[in-house]
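# Overview (structure and organization)
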Amino acid sequence: MSTSEPAVICRDVVKTYGKGEIAVRALKGVSLEARFGELLMIVGPSGCGKTTLLSVMCGTLRADSGTIELFGKSISSMPERELTAFRARNVGFIFQQFNLVPTLTAQENVSIPRLLNGAPYATAQQDAGAMLAQVGLGGREKSFPSQMSGGQQQRVAISRAMVHQPRLVICDEPTASLDAAAGQRAMDLLRESARHPDRCVIVVTHDSRIFHYADRIVEMDDGLVTASQTASDYLRDHPHPHPQPKSHA
Amino acid sequence: MFRIALLMLFRDKAKYAMLISGLTFCSLLMSQQAGVFCGIMMWTTATLRNISSPVWVVDAKVQQINEVISLRDIDVQRVRSLPGVAWAVPLFWGIVQARLPDGSFQAIQLTGLDSSSFTGRPAVMLEGRVEDLRLPNSVIVDQVALEKLHRKGIDARIGTTFEINDEEARIVGICHTERSFLGQPYVYTTYERALQYMPAQRKMLAYVLAEPKPGVSPQEVVRQVNALPGLRAFDHDTFFRETMIWYIKNTGIPVSFGTVVLMGIIVGIAIAGQTFYLFVHDNLRYLAALKAMGAGTTKLVGMVLLQAFTTGFIGYGLGLGLAAIFGNSVLRNGTPPFYMPWQVPVFVGVVIALICSFSAAIGVAKVARLEAATVFK
Ligand SMILES: Nc1ncnc2c1ncn2[C@@H]1O[C@H](COP(=O)(O)OP(=O)(O)O)[C@@H](O)[C@H]1O
Ligand SMILES: [Mg+2]
């Protein structure tokens, strides 16, 4: 499969919160593409519409207008029930606040996407255990989130996002709650996972310490995409104080 | 995912314990109170169960079995002459003071049976024979009498004597009866001897017990009796029902028990509803994450319902179990009365199910309105 196949296509996406005087136009006509085998970063100042774009892209939020295609399928007109099942099959999520269920062990948390896709409980646990081993958490299967560090919790969350082999992984500020080392570790895993030819990883962030992990960086401002460049071009144009390894992609 | 839902419930130990104890308390309170209530209702109809007769003829003003208005001797004849009646016998029924061997007095329920048929005889004889009532001065007493005597240090047995209005009464048999509302011991004798024991008083021909002819229904005999002025008849089941209804309408018993049951329901709703609300509320963020990850509303609602009804089921079981333990221990003492017909567990189950539905509805409403997108906030 070609690594330049578009996994996600957004065209002229508009999203307004509220009505009348208090209406906030969060997306004012956003168009972008993300390809398989690519780690795409969406960057921009707080409030520019990054989270809204992610939500609309995976269908947890409906756009007002514009079209969104995932893997060649338009989700804009998909019925809610079908969209939910589609998301369960094809999308993995990583949140800033991890959102691990505190009363479930690491393994149980990770097994959820497999269970949502109809795997038997034992199989789901097995897959979850294998996934945790892959992110270096072998032996911590029975730990509860509260017994783990932030970095470990995010690695559990990454396992949860990957366990069902989704084609699209979306991450909203995955490193914002982590220290630098844990953030790098998490990004290493995401970077690795994006090498899969059937996968596309989209990371929303304003953490400049991780920009160099991207293949491409899309810049947003005030509800619009203002630029789209390769990571190396972006870093050349936006020099900043963090030390960077030379190249990643 | 249902297993995950249960894990989320059981591991939230504080809330789970709170939910279970609230629902247990609620179903214990309801079934225990309902059991005592039914027990009291059974007391009120003890006579009907201790004296078996298909048709009971009483004074026209009588509404329930514990209301005693004496009939006239002629009334027995009037009932006998009805076309549907095979036979009819009088039953003497009066409360009288018995003088015990130690000189103390004890109120007894003196029951005088027709001496040829012994209609209305005790259903369960523990010792002796009913026919021995044909012997001079003989009586049969029940287990309640033995207990009362025993408490006074008198070990009564066959042959023990006491006095009723200066007449000797000798125990020739011991029977088992169901405790009556007032709790007096039953003392059985013949109709004629009962009149001897209570000569000074107005005769207590409280009931005429009648048997329909073969092929005639008790209801038909009841109709025939009711046509006679001054008399009224009940078949066994109607008398039972009318007596219960009378107590429910005319005493504070149902209100006082009903109040406690209602309190149980309110406490149940308050504790379970509130705790479950908190439980769902605290998990809302994770439920939103599940929704984003592809758990449909139906699935999430199913999880919430499962959680609510699991706690309900466990609380119901524990509450009913505790009520049974309570019932078992009080049944040995006889007071308070306890009787749990199948309607009680069903009623309590329905109430618990309603409480769970109510609690779940709060959670379901929250989950249904949940925006998956909020998970990114
Ligand atoms: N649920 C909402 N209701 C109203 N306004 C919202 C809501 N979510 C986001 N917004 C507004 O939309 C804009 C874009 O928000 P968001 O997509 O969260 O930005 P970012 O993720 O880039 O910080 C902001 O002005 C924000 O205040
Ligand atoms: Mg955001």
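Residues numbered from 1 in each chain as written. Chains lettered and ligands numbered in written order. Predicted model: local features only at pLDDT ≥ 70, side-chain atom pairs only at ≥ 80, totals over all residues. Heavy atoms only, no water.

With that settled, consider the overall build of chain A. Within chain A one finds seven helices and ten strands. Taken against the 2.2 N^0.38 rule, which gives 18 Å for 249 residues, the C-alpha radius of gyration of chain A at 18 Å falls within 12% of a compact globule. Over its C-alpha atoms, taken along the principal directions, chain A stretches across nearly 50 × 45 × 40 Å. Residues classed as buried in chain A amount to 55% of the 249 residues present. Within chain A, contacts between residues separated by at least 24 positions form 68% of all contacts whose residues are at least 6 apart in sequence. (Helix = DSSP H or I, 4+ residues; strand = E, 2+ residues; numbered from the N terminus. Rg over C-alpha atoms; globule rule 2.2 N^0.38 Å. Buried < 20%, exposed > 50% of the residue type's maximum accessible area, 1.4 Å probe, protein only. Contact = heavy atoms within 4.5 Å.)

Now for the site of ligand 1. Near ligand 1 you find A:Tyr17, A:Val24, A:Ala26, A:Pro45, A:Ser46, A:Gly47, A:Cys48, A:Gly49, A:Lys50, A:Thr51, A:Thr52 and B:Lys377, and these make up its full shell. In this structure, ligand 1 sits where chains A and B come together, each supplying nearby residues. At 2.7 Å from an oxygen atom of ligand 1 is found a main-chain nitrogen or oxygen belonging to A:Gly47. Starting from 550 Å² of accessible surface for ligand 1 in isolation, the protein chains cover 63%. Top contributing element to the shell around ligand 1 by residue count: helix α1 (residues 50-58) of chain A, with three residues. Its residues placed into classes, the shell around ligand 1 shows five nonpolar, five polar and two charged. (Near = heavy atom within 4 Å. Polar contact = N/O pair within 3.5 Å; in protein donor to acceptor, adjacent residues only side chain to side chain. Areas by Shrake-Rupley, 256 points an atom, 1.4 Å probe, with all protein chains shown as cover. Nonpolar A, V, L, I, M, F, W, Y, C, P; charged D, E, K, R; others polar.)

On to the interface of chain B and chain A, then. At the interface, 25 residues of chain B touch 29 residues of chain A. Both sides together, the interface formed by chain B and chain A hides about 2,400 Å², and carbon and sulfur atoms give 68% of it. Broken down residue by residue, the surface that chain B buries against chain A is led by B:Arg11, B:Met293 and B:Phe376, which jointly contribute 32%. The interface formed by chain B and chain A includes one salt bridge. Linking B:Arg11 and A:Glu108 is a salt bridge whose minimum nitrogen-to-oxygen distance equals 2.7 Å. One can count six residue pairs in polar contact (both at pLDDT 80 or more) joining chain B with chain A. At the level of elements, α1 (2-10), α9 (253-292) and α10 (297-333) of chain B are the ones that each hand at least two residues to the side of chain B that touches chain A. Counting residues per element, the side of chain B that touches chain A draws most heavily on α9(B), which supplies six residues. When grouped by side-chain class, the residues that make up the side of chain B that touches chain A number 14 nonpolar, three polar and eight charged. (Buried area = accessible area lost by both parts, 1.4 Å probe. Salt bridge = Lys/Arg side-chain N within 4 Å of Asp/Glu carboxyl O.)

All names here are of chain A. Spatially, six strands are ordered β6-β7-β8-β3-β9-β10 in an open sheet, and the strand pairing comes out mixed. Strand pairing shows two members of the sheet lacking a second neighbour, β6 (91-94) and β10 (224-230), which therefore form its edges. Averaged over neighbouring strand pairs, the angle between their axes works out to 20 degrees when direction is ignored. Sheet topology places strand β7 (residues 168-172) next to strand β8 (residues 200-204); five bridges connect them, and they run parallel. Each bridged residue has a counterpart across the sheet, and for Leu-168 the counterpart in β8 is Cys-200. Sheet strands touched by helix α2 (residues 80-90): β6 and β7. Its angle to β6, the strand with the most contacts, is close to 75 degrees. (Pairing = 2+ DSSP bridges. Axes fitted to C-alpha atoms, helices over the stretch in contact; angles between N-to-C directions.)

This part is about a nonpolar patch on the surface. On the surface, B:Trp342, B:Val346, B:Val350 and B:Leu354 cluster together into a nonpolar patch covering about 450 Å² of accessible area. With respect to the helices and strands, B:Trp342 occurs in the loop between α10 and α11 (343-368). (Patch = residues over 30% accessible without salt bridge, like charges linked within 9 Å, V, L, I, M, F, W, Y side chains within 5 Å.)

Turning to the domain arrangement of chain B, a few remarks are in order. All names here are of chain B. The assigned domain composition of chain B is domain 1 (2-44 + 252-376) and domain 2 (61-229). Across the boundary between the two partners, domain 1 contributes six residues, which contact five residues of domain 2. In total, about 490 Å² of surface goes out of reach between domain 1 and domain 2, with carbon and sulfur atoms giving 58% of it. Where domain 1 touches domain 2, the interface holds zero salt bridges. On the surface where domain 1 and domain 2 come into contact, there are one residue pair in polar contact (both at pLDDT 80 or more). Considering only residue class, the side of domain 1 that touches domain 2 consists of three nonpolar, three polar and no charged. (Domains from an automatic or database assignment.)

Attention now goes to the pattern of salt bridges. Under the defined criterion, the tally for this structure stands at 23 salt bridges over all chains. Close ionic contact of B:Arg99 with B:Glu163 constitutes a salt bridge, the shortest N to O distance being 3.6 Å. In this pair, B:Arg99 is assigned in strand β2 (residues 85-99) and B:Glu163 in strand β6 (residues 161-164), connecting sequence segments 64 residues apart. Here B:Glu163 falls in the partly exposed class, since its relative accessible area comes to 29%. The structure contains a network of salt bridges with shared partners spanning A:Arg35, A:Glu38 and A:Arg216.

Let us now look at unusual backbone geometry. At A:Phe98, a residue that is not glycine, the phi angle is positive and equals roughly 60 degrees. Within the secondary structure, A:Phe98 is located in the loop between β6 and α3 (106-116). At B:Phe118, a residue that is not glycine, the phi angle is positive and equals roughly 55 degrees. What makes B:Phe118 buried here is its relative accessible area of 2%.

This paragraph deals with the sheet that holds strand β5 (residues 73-74) of chain A. All names here are of chain A. Spatial ordering of the open sheet is given by β2-β1-β4-β5, a layout of four strands whose pairing is antiparallel. At either margin of the open sheet sits one strand with a lone partner, and together these are β2 (24-35) and β5. Pairing of strand β1 (residues 6-17) with strand β4 (residues 65-70) involves five bridges; the strand directions are antiparallel. Note that in β4 the partner of Cys-10 across the bridge is Ile-68. Of the strands in this sheet, β1, β2 and β4 are in contact with α1, which crosses β2 at around 60 degrees.

Once that is clear, we can look at the nonpolar core. Membership of the largest hydrophobic core comes to 102 residues, with the highest contact counts inside it found for A:Val8, A:Phe93, A:Ile112, A:Leu168, A:Ile170, A:Ile202 and B:Leu290. The leading source of residues in this core is α9(B), at 15 residues. Every residue in contact with A:Ile170, bar those within four places of it in the chain, is listed here: A:Leu54, A:Cys58, A:Val91, A:Gly92, A:Phe93, A:Ile94, A:Ile202 and B:Phe376. Formed by 39 residues, the second largest nonpolar core is a distinct cluster that contains B:Leu71, B:Ile171, B:Leu228 and B:Ala233. (Core = buried A, V, L, I, M, F, W, Y, C linked by side-chain atoms within 4.5 Å.)

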